[in-house]
Amino acid sequence: QVQLVESGGGLVQAGGSLRLSCAASGRTFSSYRMGWFRQAPGKEREFVATISWSGGITYYVDSVKGRFTISRDNAKNTVYLQMNSLKPEDTAVYYCADARGPGSYDYWGQGTQVTVSS
């Protein structure tokens with residue numbers, strides 16, 4: 001089992017920055033990749049970014065490319081999402097997730113709210 005706890009959300013003005021953290025505990029050594037997702041009110045959950053176990057491979061949804069950066073510190077079992085130049089449309093609950101293999105994600109955190117005011 002893996003437990004994921006997100007933190008770092010909050011209220012920020014448009015153009016501001018936030019850094020989300022996702023602390024993992026449990027069987028973290030078997031992680032294949034980690035990801036960040038978000039869900040805005042009335043919308044489906046969408047993929048934001050993912051990072052391989054080594055940190056050498058990352059992917060982003062087009063809407064955040066150049067603004068968000070995913071990174072990880074395996075020594076601390078933590079994944080980060082640095083969010084710059086935030087826009088009101090980035091407002092959502094952000095979730096981190098852990099995948100044990102190349103398929104779907106297996107474990108999810110409880111989410112952290114990010115609100116960007118205009």
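One can find the structure itself at the top, above this paragraph.
Note that this is a predicted model, so its numbers are computed, not measured.

Visitor: Teacher, can you tell me more about the state of the cysteines here?
Guide: Any covalent bond linking the sulfur atoms of two cysteines counts as a disulfide. This structure, assessed with the given rule, holds 1 disulfide. One disulfide bridge connects C22 with C96, the sulfur atoms lying 2.0 Å from each other. Here the S-S torsion is close to 50 degrees, and the disulfide linking C22 with C96 is therefore right-handed. Of the two residues, C22 is situated in strand β3 (residues 18–26) and C96 in strand β9 (residues 92–99); the sequence distance between them amounts to 74 residues.

Visitor: I tried to follow the pairing of β3 on my own but got confused; where do I start?
Guide: Within a regular strand, side chains alternate between the sheet's two faces. Taken together, the 6 bridges between strand β1 (residues 2–7) and β3 define a ladder with antiparallel strand orientation. When the sheet's bridge partners are listed, V2 is paired in β3 with G26. Examined bridge by bridge, β3 and strand β8 (residues 78–83) share 6 bridges and lie antiparallel to one another. Among the inter-strand pairings, L20 is bridged to a residue of β8, identified as L81.

Visitor: For this particular structure, what's the right way to read unusual backbone geometry?
Guide: Negative phi characterises most residues that are not glycine, and trans characterises most peptide bonds. Despite not being glycine, N77 shows a phi value in the positive range, around 50 degrees. Here N77 shows up in the loop between β7 (68–73) and β8. Since its relative accessible area comes to 31%, N77 is described here as partly exposed. Positive phi is not limited to glycine here, since S85 has a value of about 50 degrees. Position of S85 relative to the elements: it lies in the loop between β8 and β9. Overall, S85 belongs to the partly exposed group, its relative accessible area being 41%.

Visitor: How should I be thinking about the sheet that holds β3 in this particular structure?
Guide: What holds strands together in a sheet is hydrogen bonding between their backbones, with the strands either parallel or antiparallel. Taken in spatial order, the 4 strands make up an open sheet running β1-β3-β8-β7, and their pairing is antiparallel. What marks the edges here is a single partner per strand, and that holds for β1 and β7. The mean inter-strand angle of the sheet, taken between neighbouring strand axes irrespective of direction, is 15 degrees.

Visitor: What's the story with the packing of aromatic side chains in this structure? I'm lost.
Guide: Any pair of aromatic rings gets described here by the distance separating the centres and the angle formed by the planes. Under the defined criterion, the tally for this structure stands at 4 aromatic pairs. Between F37 and Y105, the ring centres sit 5.1 Å apart and the planes meet at 85 degrees, which makes this aromatic pair edge-to-face. Taken together, the residues span a long stretch of sequence, with F37 in strand β4 (residues 33–39) and Y105 in the loop between β9 and β10 (107–108) at a distance of 68 residues. With a relative accessible area of 10%, F37 lands in the buried category.

Visitor: Before we go on, may I ask you to explain the side chain of T50 in this structure?
Guide: Looking at where T50 falls in the secondary structure, it is placed in strand β5 (residues 46–52). Polar side-chain contacts of T50 include one of 2.9 Å to the side chain of Y105. If sequence neighbours within four positions are ignored, T50 has contacts with R33, M34, G35, I57, T58, Y59, I70 and Y105.

About the thresholds
- Position numbers for residues count from 1 along each chain, tracking the sequence in the order it is written.
- Confidence filtering applies because this is a predicted model: local features only for residues at pLDDT of at least 70, side-chain atom pairs given and counted only at 80 or more, and all residues used for totals across whole chains, interfaces and linings.
- By convention in this description, side-chain values take in all heavy atoms of the structure and omit both hydrogens and water.
- When the sulfur atoms of two cysteines come within 2.5 Å, that pair is taken as a disulfide.
- Secondary structure counts use DSSP, requiring at least four H or I residues in a row for a helix and at least two E residues in a row for a strand, with both numbered from the N terminus.
- Pairing between strands is defined by DSSP: at least two bridges between them are needed.
- Type-normalised accessible area, obtained with a 1.4 Å probe on protein chains alone, sets the label of each residue: buried when under 20%, exposed when over 50%, and partly exposed for intermediate values.
- Between N-to-C directions, angles cover 0 to 180 degrees, with each direction set by a line fitted to C-alpha atoms, over the stretch in contact for helices.
- Side-chain rings of Phe, Tyr and Trp, where Trp is taken by its six-membered ring, are said to pair if the distance between their centres is within 6.5 Å; with planes under 30 degrees apart they count as stacked, over 60 as edge-to-face, and otherwise as tilted.
- Between N or O atoms, a polar contact is any pair within 3.5 Å; within protein, one atom must be a potential hydrogen donor and the other a potential acceptor, and residues adjacent in sequence are included only when both atoms are from side chains.
- We call two residues in contact when some of their heavy atoms are within 4.5 Å.

The values reported here are purely geometric and, on their own, carry no functional implication.
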